[in-house]
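Structural overview
Here is how the chains run, residue by residue.
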Amino acid sequence: MEGIQLKIKLSKKTMSILVPITSVIIALFIAAIVILLIGKNPLSAYWVMLQGAFGGKAAWAANISKMMSLVLTGLAVGFGFRAGIFNIGAEGQLMMGAIFATFVGINLGNVSPVFAIPITMLAGILGGAFWASIAGYLKAATGAHEVITTIMLNWIAVYLTNYFVVGPLAVGQGVPKSPEIAQSAQLPPLMTVQANTLPSGIIVSIIAAILVYILLEKTTTGYEVKAVGFNPYAAEAGAISLSKNIVLTMAISGALAGLAGSLEVMAIHHRIFGDFSGGKGFDGISIALIGQNNPIGIIFAAFLISSLRTGSNAMQFAKVPDDIVTIIQGIIIFLVAADRIVRTLIMKFASPKGGESK
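Residues numbered from 1 in each chain as written. Predicted model: local features only at pLDDT ≥ 70, side-chain atom pairs only at ≥ 80, totals over all residues. Heavy atoms only, no water.

1. Brief notes about helix α2 (residues 42-54)
This is how it is decided: Where helices and strands are cited, they refer to DSSP runs of H or I of at least four residues and of E of at least two residues respectively, numbered from the N terminus. Take the number of residues in a helix, subtract one, and multiply by 1.5 Å to get its expected span. When a residue's accessible area, from a 1.4 Å probe over protein chains only, is under 20% of the maximum for its type it is buried; when over 50% it is exposed; and in between it is partly exposed. Of all possible arcs, the one meant is that of the directions from the helix axis to the C-beta atoms. Counting of polar contacts relies on pairs of N or O atoms within 3.5 Å, with two restrictions inside protein: one atom must be capable of donating a hydrogen and the other of accepting it, and residues adjacent in sequence are counted only when both atoms are side-chain atoms.
Along its 13 residues, α2 runs 18 Å from first to last C-alpha, staying within 8% of the 18 Å computed at 1.5 Å per residue. Those residues of α2 that sit buried are Pro-42, Ala-45, Tyr-46, Met-49, Gly-52 and Ala-53. The buried residues of α2 all sit within an arc of 120° when viewed along its axis, so they share a single face. The outward face of α2, more than 90 degrees from its buried face, is lined by the exposed residues Leu-43 and Trp-47. Where α2 begins, the side chain of Asn-41 points an oxygen toward the backbone nitrogen of Leu-43, at a separation of 2.9 Å. One or two positions beyond α2, positive phi appears at Gly-56, with a value near 125°.

2. Here we look at unusual backbone geometry
The backbone phi angle of Ala-239 is positive, close to 70°, even though this residue is not glycine. With respect to the helices and strands, Ala-239 occurs in the loop between α9 (232-237) and α10 (242-269). In this model, Asn-293 sits at a positive phi of 60°, which is unusual for a non-glycine residue. Within the secondary structure, Asn-293 sits in the loop between α11 (280-290) and α12 (295-315).

3. Quick look at the layout of surface pockets
For the record, the criterion: For cavity detection a 1 Å grid was placed over the protein atoms alone, and a set of points counts as a cavity when a 1.4 Å probe fits there but cannot get out; an open set counts as a pocket when protein lies on both sides within 12 Å along at least five of seven lines, with lining residues being those that have an atom within 4 Å of a point. Grid points are joined across faces, edges and corners, and a volume is the space filled by probe spheres set on the points. Polarity classes work like this: nonpolar for Ala, Val, Leu, Ile, Met, Phe, Trp, Tyr, Cys and Pro, charged for Asp, Glu, Lys and Arg, and polar for all others, with Gly in that last group.
Size it by volume and the largest pocket reaches roughly 950 Å³. The wall of the largest pocket is formed by 27 residues, among which Ser-16, Gly-291, Gln-292, Asn-294 and Gly-297 lie closest to the centre. Going through the elements one at a time, α1 (12-37), α7 (201-218), α8 (220-230), α11, α12 and α13 (323-337) are the ones with two or more residues in the lining of the largest pocket. With six residues, α1 is the single largest residue contributor to the lining of the largest pocket. Split by residue class, the lining of the largest pocket holds 15 nonpolar, seven polar and five charged. As a volume, the second largest pocket reaches approximately 320 Å³. As for the second largest pocket, its lining consists of 18 residues, and the residues nearest its centre are Ser-65, Thr-197, Ala-267, Ile-268 and His-269. For the lining of the second largest pocket, the secondary structure elements donating two or more residues are α3 (57-82), β2 (196-198) and α10. A total of four residues in the lining of the second largest pocket trace back to one element, the largest contributor, which is α10. Tallied by class, residues from the lining of the second largest pocket come to seven nonpolar, eight polar and three charged.

4. Some remarks on the side chain of Ser-286
Selection rule: Two residues qualify as a contact provided that any one of their heavy atoms is within 4.5 Å of a heavy atom in the partner residue.
Relative to the elements of secondary structure, Ser-286 occurs in helix α11. Among the residues examined, Ser-286 registers a relative accessible area of 6% and is labelled buried. Excluding its chain neighbours within four sequence positions, the residues that come into contact with Ser-286 are Gln-329 and Ile-333.

5. Some remarks on the confidence of the model for the protein
Any residue range with low pLDDT should be treated as having predicted coordinates unsuitable for detailed reading. Stated precisely, the cut-off is as follows: Across the chain, each position has a pLDDT score giving the predictor's confidence in that residue, from 0 to 100.
Chain-level pLDDT for the protein is 87 on average; 94% of the residues reach the 70-or-more range. Throughout residues 1-8 the model reports pLDDT below 50, and contacts reaching past four residues in sequence, or to other chains, amount to 10 contacts. Note that residues 354-358 has pLDDT below 50 and, in this model, 13 contacts with residues that lie over four places away or in other chains.

6. Concerning the packing of aromatic side chains
Stated formally: For this analysis, a ring pair means two rings from Phe, Tyr or Trp (six-membered ring only for Trp) whose centres lie within 6.5 Å, classed as stacked if their planes differ by under 30 degrees, edge-to-face if by over 60, and tilted for the remaining angles.
Using the criterion set out here, one finds eight aromatic pairs in the structure. Ring plane angle 85° and centroid distance 5.1 Å describe the contact between Phe-103 and Phe-164, whose orientation is recorded as edge-to-face. Of this pair, Phe-103 sits in helix α4 (residues 90-105) while Phe-164 sits in helix α6 (residues 146-166), and the two are 61 residues apart along the sequence. An angle of 55° between the planes, with centres 5.4 Å apart, marks the rings of Tyr-163 and Phe-164 as tilted. Note on Tyr-163: relative accessible area 48%, which makes it partly exposed. A residue is classified by how much of its surface remains accessible, and Phe-164, at 16% relative accessible area, is buried. Taken together, Phe-54, Trp-60 and Phe-303 form an aromatic cluster joined through their ring pairs.

7. Looking at the side chain of Ser-253
Relative to the assigned elements, Ser-253 resides in helix α10. A relative accessible area of 0% means that Ser-253 is categorised as buried. There is a polar contact of 2.4 Å between the side chain of Ser-253 and the backbone oxygen of Ala-76. Not counting residues within four places of it along the chain, the set of residues in contact with Ser-253 comprises Ala-76, Val-77, Phe-79, Gly-80, Asn-87 and Gln-93.

8. Some words on the packing of α11 against α12
Here is the rule we go by: In this description, a line fitted to the C-alpha atoms serves as the axis of each element, helices being fitted only across the stretch in contact, and the angle between N-to-C directions of two axes falls anywhere from 0 to 180 degrees. Each angle is binned into one of four classes, with values under 35 degrees roughly parallel, values over 145 roughly antiparallel, values of 65 to 115 roughly perpendicular, and all other values oblique. Left-handed describes a crossing in which the near helix is turned anticlockwise from the far one by less than a right angle; the clockwise case is right-handed.
The interhelical angle for the contact between α11 and α12, taken along N-to-C directions, is 125°, at an axis separation of 8 Å. Here α11 lies oblique to α12, going by the angle between them. Crossing geometry of α11 relative to α12 is assigned as right-handed. Residues Asp-283, Ile-287, Ala-288 and Ile-290 of α11 form the contact with α12, whose own contacting residues are Ile-298, Ala-301, Ala-302, Leu-304, Ile-305 and Arg-309. Each residue belonging to the contact of α11 with α12 can be placed in one class, and the counts come to eight nonpolar, no polar and two charged.

Here is the structure:
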């Protein structure tokens, strides 16, 4: 009927899913233009990237190995964001978790795996929680901004790691490294393909994401954390302790990053060495943004980033620079952060007259 137009109202939940998906599509389109400008075929480049990320058991194993820690560092940053706290220290917290796990793990040779594995994992969790709590306490007690303190703590963690692998824990020749943790403290792989292993730690990461979701959405603690994030003044007026929740949020956030560090040691490297984290803590910032700080969304965001990273290695064989993946990731983060642009595009395509989310 003439003059009748469909007006679609999208819920916030639906929009929170559509924004990242639309951002990925736009980023791939823009990157395709860049690939064309350097004289390559974008379809061929993307096909090679897909093969590199999903083309066989070895590709999947490499992909999931990267995803395992990214889920946890994304959760660490995202949990802080939900309380209005900018935890930029997941990198250092991951390293401290790995250091604690290594110190404990190398001394559990005579302990059964039934006890050695959870003890080593717990050591990493406590290491990350302790390191993040320093920044949380400083913010709660003195008002010191967590961005500054967590960045500085990152550098301290880096240099502590370097000190331990060239000093007290140094072993062997070549690259400075620690001894391997005891066999009983190592997480057995789900599958081994050529030189790649599918780490069982991915199960731990996904369980952690589910537990964080339950904590945020189904518990009083989660309600208080979100209340502080939405409006700290209103939360305080409602008898919610800001200081307690700041320290608690940082401790939980650090515990998640510390767990990532312990899993890196227990499931992949079995030791620590200089700069072994590979920037996974900083990747957690972009993953939290893409996942909209939702624990379940962060799982998918981590899978996206790990797939891009794994596939980028294969793109080099097609003579396409792997920097293209950095471009894609940067555009996605920009569009998710500036989500009003994407929301406007979605509403424009959803309804001839446009609409608005409720």
